[in-house]
Amino acid sequence: MSFLTTSSKNDRNESYDLLSKMAEHEQVIFCNDPATGLQAIIAIHSTKLGPAIGGCRMHPYASFDDALEDVLRLSKGMSYKCAAADLDFGGGKSVIIGDPKTDKSPELFRAFGQFVDSLNGRFYTGTDMGTTLEDFVHAYKETKNIAGIPEAYGGGGDSSIPTAQGVIYGLKATCHMLFDHEDLSAVSYAIQGLGKVGFKVGKRLLEEGATVYVSDINVDNIDALQLEASSLPGELHVVEANDIYSVDADIFIPCAFGGIINETTIEQFKFKAIAGAANNQLLEEKHGHELADRGILYAPDYIINAGGLIQVADELYGPNKERVLMKTKEIYNTMMEVYKTAKTHNISTVEAANHYCENVMAKREKRNSFFTRSDKPKWNIR
């Protein structure tokens, strides 16, 4: 699969179109290494808060335009995610064009590491969809600008732990807004996806004594949670994958696919709220407004699922699990502020969250001026 090739058919209008797509971004880097087959894109959306940070996903994109659209959208989302999590990092993302099942090699990730290193600390990256910790052990040999490495190499370990804990804090804030209490056992939940995060959230809710409905395409995950549930006070119900959207539960917790809040699924919802760990849950931003119109409280995913990012960013200062969990606890306060702003101004939680993050970026940008010393304590990272 090869997309980064020149063509006599490219004209000036297409060049302008390419630049217009990147207009919101500070820098977009196209990486090409024929010897290893590496074709990748690194997108830096904003460094207003600090060096850009964001994972690297590997996917067999159907076209170069698809890869570019994905990395631009994801990198912008990382700017907001960092602002919401109070991190001194900006938004970036990278994608490698290729099949993660067949196109990986140690040399490919070493080549990618060299491209990352050429940015001289403007961008830190790590695992995402289609890439693993082991992949970045190879990249780490070529650059130190890697976050989220295995504990054996000085990393922070399993990032699903703080991600799941952040979802729990977000659920408590959601219960507070909906029911004026934070008793997780008094509420019913529907969890889509029992991967590393969804499984931990489900187990915690069952430990609290809640009623939990679950679906997963992986039967082993369901079997494992059923085994746990047999000795826990909560009540577990398994439903078919497509039936999870119509379950009569209080809160929907998406922990699998993106784009699952759309015209088709919204019509099925009986939920009072949606608060889960999946990325890019809204197919389009307008669906967040539609949820608000229907009286369904929505926890913006880039806020409630930020626990993993918090750990990955914190790791750059030296792994400290206690510090990570303290920072993750702030997800509760951020969610409450977003919920209250949306209610006070009669706007969607999507709008409230975006305003919150844009205000943070506008204020913090002024702290990163030439009036302060270049070697700032907040970026005393490797």
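Residues numbered from 1 in each chain as written. Predicted model: local features only at pLDDT ≥ 70, side-chain atom pairs only at ≥ 80, totals over all residues. Heavy atoms only, no water.

K.L.:
I'd love a proper account of helix α14 (residues 349-365), names of residues and values included.
P.N.:
Here α14 is 17 residues long and its end C-alpha atoms lie 24 Å apart, about the 24 Å a rise of 1.5 Å per residue gives. Within α14, the full set of buried residues consists of T349, V350, A352, A353, N354, C357, V360 and M361. Residues of α14 that are buried in the fold lie against α2 (64-84), α9 (286-293), β12 (297-298), α10 (301-304) and α13 (330-345). (Helix = DSSP H or I, 4+ residues; strand = E, 2+ residues; numbered from the N terminus. Expected span 1.5 Å × (residues − 1). Buried < 20%, exposed > 50% of the residue type's maximum accessible area, 1.4 Å probe, protein only. Contact = heavy atoms within 4.5 Å.)

K.L.:
Describe unusual backbone geometry, naming the residues involved and giving the relevant values.
P.N.:
With a phi angle near 60°, D86 is a residue other than glycine that sits in the positive phi range. Residue classification places D86 among the partly exposed positions, given a relative accessible area of 37%. Phi is positive for N346, close to 55°, though the residue is something other than glycine. Here N346 shows up in the loop between α13 and α14. Classification of N346 as exposed rests on a relative accessible area of 71%.

K.L.:
If you had to explain the side chain of N145 to someone new, which residues and values would you point to?
P.N.:
By the secondary structure assignment, N145 is in the loop between α4 (133-139) and α5 (160-179). With near-sequence residues (within four places) excluded, N145 lies in contact with V116, D117, G121, F123, Y124, T125 and R382.

K.L.:
Could you give an account of empty space enclosed by the protein, naming the residues involved and the relevant values?
P.N.:
If you walk through the whole model with that rule in mind, you get 1 cavity of 30 Å³ or more. Size it by volume and the largest cavity reaches roughly 40 Å³. What lines the largest cavity is G156, Q311, D314, E315, P319, N320, K321 and V324. Ranked by the residues each element gives to the lining of the largest cavity, the list is headed by helix α11 (residues 307-315), at 3 residues. Of the residues assigned to the lining of the largest cavity, the class counts are 2 nonpolar, 3 polar and 3 charged. (1 Å grid on protein atoms, 1.4 Å probe; cavity = no way out; pocket = protein on both sides within 12 Å on 5 of 7 lines; lining within 4 Å. Points joined across faces, edges and corners; volume = space filled by probe spheres on them. Nonpolar A, V, L, I, M, F, W, Y, C, P; charged D, E, K, R; others polar.)

K.L.:
Lay out α13 in plain terms, naming residues and giving numbers.
P.N.:
Taking 1.5 Å per residue, 16 residues should reach 22 Å; α13 reaches 23 Å between its end C-alpha atoms and fits that length. Every buried residue belonging to α13 is among I331, Y332, T334, M335, M336, V338, Y339 and A342, and all of these are buried.

K.L.:
Any chance you could break down the pairing of strand β8 (residues 211-215) for me, citing the residues and the numbers?
P.N.:
On any regular strand, side chains alternate: one points to one face of the sheet, the next to the other face. Pairing geometry for strand β7 (residues 188-192) and β8, over 5 bridges, is parallel. Residue pairing for β8: A190 is matched across the bridge by Y213. One crossover worth recording links β7 to the parallel β8 by way of helix α6 (residues 196-208), and it is right-handed. Both β8 and strand β9 (residues 235-238) contribute to a ladder of 4 bridges, which runs parallel. Across the sheet, residue T211 finds its bridge partner in β9, namely E235. Once you follow β8 into helix α7 (residues 219-229) and on to β9, the crossover reads as right-handed. (Pairing = 2+ DSSP bridges. Right-handed = clockwise from strand over helix to strand, strands pointing away.)

K.L.:
Give a detailed account of the sheet that holds β9, specifying residues and quantitative values.
P.N.:
Judged by pairing direction, the sheet is parallel, and its 6 strands sit side by side in the order β9-β8-β7-β10-β11-β12 without closing on themselves. One side of each edge strand has no neighbouring strand; the edge strands of this open sheet are β9 and β12. Summarising the sheet, strand β11 (residues 273-274) and β12 pair through 2 bridges and their orientation is parallel. When the bridges of β12 are listed, A273 appears paired with L297. Each of β7, β8, β9 and β10 (251-254) is contacted by α6, which is oriented at about 160° to β7, the strand it contacts most. (Axes fitted to C-alpha atoms, helices over the stretch in contact; angles between N-to-C directions.)

K.L.:
I'd love a proper account of the packing of aromatic side chains, names of residues and values included.
P.N.:
Using the criterion set out here, one finds 11 aromatic pairs in the structure. Residues Y80 and Y302 carry aromatic rings whose centres are separated by 6.2 Å and whose planes lie at 70° to one another, so their mutual orientation is edge-to-face. Taken together, the residues Y80 in helix α2 and Y302 in helix α10 connect sequence positions 222 residues apart. We classify Y302 as buried; its relative accessible area is 16%. Taking 6.1 Å as the distance between ring centres and 75° as the angle between the ring planes, the aromatic pair formed by Y245 and F252 counts as edge-to-face. By relative accessible area, which is 11% here, Y245 ends up buried. (Phe/Tyr/Trp six-rings, centres within 6.5 Å; stacked < 30°, edge-to-face > 60°.)

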